[in-house]
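The lines below spell out each chain.
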Amino acid sequence: MTYARILLLTLLGVSTPSMATSNVKLPLPVIAETHDIEQHSIAVKGSKMAYLEQGEGKAVVFVHGNPTSSYSWRNVMPYISDTHRAIAVDLIGMGDSGKPDIEYTFKQQYQYFNRFINRLNLDEVILVGHDWGAAIAWLYAKKNPDKVDGLAFMEGVLPPQFPAESYEDLGSVADFFRTLRDPVVGPMLIIEQNMWIEQALPASVNRTLGEQAMEAYRAPYLVPESRKPLLAWPNQLPIAREPAQTDCLMRGIKRYMGKTDMPILYIYGSPSVDNSPQVLKWYVENIDELETAYVGQGLHYLPEDQPDAIGRALEDWLRRLND
């Protein structure tokens, strides 16, 4: 077993030999890997940002995480596009968006996203975020409370897990994140070996991703220099007060979670990666206008595991928001 694979299994919390060696995947459900949603692009801060768009009405903006793209929302968007304008953005440096020469910090990613919303003249939005996309959605809502009418999120890089006061607080995954921040090993795993695409992504879906899906996710990162954003994201995790800028932004999100009266939908599955009974309990106790939706069996990339259940949960939530 390779060192990268050992680290990956640690990240996913896989500890038993049977689980680590069998690599069992559920054969169902069958998830469509093609779509006919129209793609667009728009100039943003000297680069471009690509996005999928379907439907008319109030805008619902879907924000992906690492290392995915708008493609991950392809089977969710149709559930709400009969009543809303569904928009799924490719974050800067990811998907079909441009790859400017920046560091791809959390703050920079937010700045491009904020400008994207402004360029589309969206004055009233509902946000749906996954992974780091959930953090971007929460930060946007915090900074623009008059523009955001609701927020749904799942498997987010968010409080209460982050910011982490120390590596020890991360438990069994502490060594994994320390390793990714090693200036030699981190780039080797992510830039040279393309670990997020080739290992972390398929291992964090509770079924076998088909070749069409893998090709779609590989496409933006065919050459090592294109993978800079994939290395930046894990290094942006706020651990032991570093990086300071991201730590500060995440603490601001945590405070905002405790005082907002915005309608919130928390979508979760099991066994999950970022959800636990403790995390769910924290959200229920700290977010006033919270609803929860359990969507079934899934790991970290829930839009690939349970797109239909997510779509139905969003459809029902949005209907009630409009009542």
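Residues numbered from 1 in each chain as written. Predicted model: local features only at pLDDT ≥ 70, side-chain atom pairs only at ≥ 80, totals over all residues. Heavy atoms only, no water.

1. Some thoughts on the confidence of the model for the protein chain
Then step 1. Residues with a pLDDT of 70 or more make up 91% of the protein chain, whose mean pLDDT is 91.
Then step 2. Overall, residues 1-22 carries pLDDT values under 50, and its contacts beyond four positions in sequence, including any with other chains, amount to 34 contacts. (pLDDT = per-residue confidence, 0-100. Contact = heavy atoms within 4.5 Å.)

2. Re the layout of surface pockets
Then step 1. Of the volumes computed, that of the second largest pocket is approximately 180 Å³.
Then step 2. The wall of the second largest pocket is formed by 13 residues, among which Q39, S69, S70, Y71 and D96 lie closest to the centre.
Then step 3. Taken together, the residues of the lining of the second largest pocket sort by class into 6 nonpolar, 5 polar and 2 charged. (1 Å grid on protein atoms, 1.4 Å probe; cavity = no way out; pocket = protein on both sides within 12 Å on 5 of 7 lines; lining within 4 Å. Points joined across faces, edges and corners; volume = space filled by probe spheres on them. Nonpolar A, V, L, I, M, F, W, Y, C, P; charged D, E, K, R; others polar.)

3. A closer look at the pattern of salt bridges
Then step 1. Going through the model one piece at a time under the given rule, you end up with 19 salt bridges.
Then step 2. A salt bridge links E53 to R85, with the shortest nitrogen-to-oxygen separation between them at 2.7 Å. Highlighted residues: E53 in strand β2 (residues 47-54) and R85 in strand β4 (residues 85-89), separated in sequence by 32 residues.
Then step 3. On the basis of relative accessible area, R85 is assigned to the partly exposed category, the value being 21%.
Then step 4. Here R319 and D316 are joined by a salt bridge, their closest N and O atoms 2.5 Å apart. Linking R319 with D316, this pair stays in helix α13 (residues 307-322), spanning 3 residues, or about one helical turn.
Then step 5. Bridged by salt links that share partners, the residues E165, R241, D247 and R251 form one connected network. (Salt bridge = Lys/Arg side-chain N within 4 Å of Asp/Glu carboxyl O. Helix = DSSP H or I, 4+ residues; strand = E, 2+ residues; numbered from the N terminus. Buried < 20%, exposed > 50% of the residue type's maximum accessible area, 1.4 Å probe, protein only.)

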